[in-house]
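The residues making up each chain are set out below.
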Amino acid sequence: MRDAKGRLVPVELVKPADKLEDEMVRKVMAFALDLSAQVARFKEHTFADLNGFQQLLEQDYGARAGGEKGNVTFQTVDGLLQVKVQIANLIEFGPQLQQAKALIDECLLEWGADARPEIKAIVTSAFAVEKEGQINQANLFLLLKLDIVEERWTRAMTAIRDAIRITGTKEYVRFYRRRRPQDRFEPVTIDLAAA
């Protein structure tokens, strides 16, 4: 058997538990790879069908369905099934974010004990670097909503707005169903984003 360094090791020298683990991982991975390929094909066919329907509507009405960002909901006549297409902006932040952080830190340091703990928690969370170097966008946008009238805070919020860069978009399709029209829609979970 080939080991992790690429060397061939006689089968009789490989521990039985390692052979069983190898066999199990290969079996599970075969199913995972097959399922991943099915999901990728499903995603491709789904967008082809939805875009084909959109083109039919364009021919009939001379305009594309969907909102400003292309978001659109397709629904069955009985109202029990929905397919939603959503377009999300991909956002990154420029170097102005560091200046915003410095200004906010100055404010919190000066306010000291008077600063509300909720604001401190949001600031800490917003600027805490998460996996892949991403900051917490949701909490950063919460800072922009805070109504704080202080010159440095205002400059910090301007710096945050100036730091926002839309680098592209990502198209998502989501599926929903319900048993009766008066019920809430429940999501049909399929992770297409990774396909």
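See the structure printed just above.
Please read all numbers here as calculations on a predicted model, not as lab measurements. (Residues numbered from 1 in each chain as written. Predicted model: local features only at pLDDT ≥ 70, side-chain atom pairs only at ≥ 80, totals over all residues. Heavy atoms only, no water.)

### Concerning the overall build of the protein chain
Part 1 of the reasoning: When you go through the protein chain residue by residue, the secondary structure sums to 5 helices and 4 strands.
Part 2 of the reasoning: Along the chain direction, N to C, the helices and strands of the protein chain fall in the order α-β-β-α-α-α-α-β-β.
Part 3 of the reasoning: Burial status across the protein chain gives 25% buried among its 195 residues.
Part 4 of the reasoning: Total accessible area computed for the protein chain in this model is approximately 14,200 Å², and 55% of it derives from carbon and sulfur atoms. (Helix = DSSP H or I, 4+ residues; strand = E, 2+ residues; numbered from the N terminus. Buried < 20%, exposed > 50% of the residue type's maximum accessible area, 1.4 Å probe, protein only. Areas by Shrake-Rupley, 256 points an atom, 1.4 Å probe, with all protein chains shown as cover.)

### Considering helix α1 (residues 16-61)
Part 1 of the reasoning: A rise of 1.5 Å per residue sets the reference length of α1, with its 46 residues, at 68 Å; its end C-alpha atoms lie 67 Å apart and thus fit the reference within 8%.
Part 2 of the reasoning: Of all the residues in α1, the buried ones are K43, T46, F47, L50 and Q54.
Part 3 of the reasoning: Buried-residue contacts for α1 involve β1 (72-75), β2 (81-93) and β3 (164-177).
Part 4 of the reasoning: Once α1 ends, the next one or two residues include G62, with phi positive near 75°. (Expected span 1.5 Å × (residues − 1). Contact = heavy atoms within 4.5 Å.)

### Describing the packing of helix α2 (residues 96-111) against helix α3 (residues 117-127)
Part 1 of the reasoning: As a packed pair, α2 and α3 sit with axes 12 Å apart at the nearest point and diverge in direction by 155°. As far as their axial angle goes, α3 and α2 are roughly antiparallel. The interaxial crossing formed by α2 with α3 has left-handed handedness. Where α2 approaches α3, its residues L97, K101, I104 and L108 are matched on the opposing element by I119, K120, V123 and F127.
Part 2 of the reasoning: Each residue belonging to the contact of α2 with α3 can be placed in one class, and the counts come to 6 nonpolar, no polar and 2 charged. (Axes fitted to C-alpha atoms, helices over the stretch in contact; angles between N-to-C directions. Parallel < 35°, antiparallel > 145°, perpendicular 65-115°, else oblique. Left-handed = near helix turned anticlockwise from the far one by under 90°. Nonpolar A, V, L, I, M, F, W, Y, C, P; charged D, E, K, R; others polar.)

### What to know about the pairing of β1
Part 1 of the reasoning: Residues V72 and F74 of β1 are buried on one face, while the alternating residues T73 and Q75, pointing to the opposite face, are not.
Part 2 of the reasoning: As judged from the 4 bridges shared by β1 and β2, these two strands associate in the antiparallel manner. Bridge pairing links V72 to V85 in β2.
Part 3 of the reasoning: The loop that links β1 with its antiparallel partner β2 comprises 5 residues; one of these, G79, has a positive phi angle of about 75°. (Pairing = 2+ DSSP bridges.)

### Focus on the nonpolar core
Part 1 of the reasoning: Counting 24 residues, the largest nonpolar core has I104, L140, L143, W153 and I160 as the members making the most contacts within it.
Part 2 of the reasoning: With sequence-adjacent residues up to four places away left out, L143 is seen in contact with I104, I122, V123, A126, F127, W153, M157 and I160.
Part 3 of the reasoning: In terms of nonpolar packing, the next biggest core, distinct from the first, is built from 7 residues, F47, F74, V173 and F175 among them. (Core = buried A, V, L, I, M, F, W, Y, C linked by side-chain atoms within 4.5 Å.)

### A word on the packing of α2 against helix α5 (residues 151-163)
Part 1 of the reasoning: The geometry of α2 relative to α5 is characterised by a closest axis approach of 8 Å and an angle of 155° between their N-to-C directions. Here α2 lies roughly antiparallel to α5, going by the angle between them. Crossing hand, α2 versus α5: left-handed. Residues Q96, L97, A100, L103, I104, E106, C107, E110 and W111 of α2 touch α5, and the partners they reach there are R152, W153, R155, A156, M157, A159, I160, D162 and A163.
Part 2 of the reasoning: Of the residues assigned to the contact of α2 with α5, the class counts are 12 nonpolar, 1 polar and 5 charged.

### Some points on the environment of Y176
Part 1 of the reasoning: Turning to its location among the elements, Y176 is positioned in strand β3.
Part 2 of the reasoning: In this structure the C-alpha to C-alpha distance between Y176 and Q75, which are 101 residues apart in sequence, comes to 9.4 Å.
Part 3 of the reasoning: Other than its neighbours up to four places away in sequence, Y176 contacts L80, L81, Q82, K84, F185, E186, P187 and V188.

### Points about the pattern of salt bridges
Part 1 of the reasoning: The final tally for this structure, using the stated rule, is 9 salt bridges.
Part 2 of the reasoning: The salt bridge involving D183 is made with R180; its shortest N-O contact spans 2.8 Å.
Part 3 of the reasoning: For D183, a relative accessible area of 21% puts it in the partly exposed group.
Part 4 of the reasoning: Judged by relative accessible area, which is 45%, R180 ranks as partly exposed.
Part 5 of the reasoning: Between E186 and R184 there is a salt bridge, with its nearest N and O atoms 3.6 Å apart.
Part 6 of the reasoning: On the accessibility criterion, E186 (41% relative accessible area) is partly exposed.
Part 7 of the reasoning: One salt-bridge network, in which partners are shared between bridges, spans E106, E110, E150 and R152. (Salt bridge = Lys/Arg side-chain N within 4 Å of Asp/Glu carboxyl O.)

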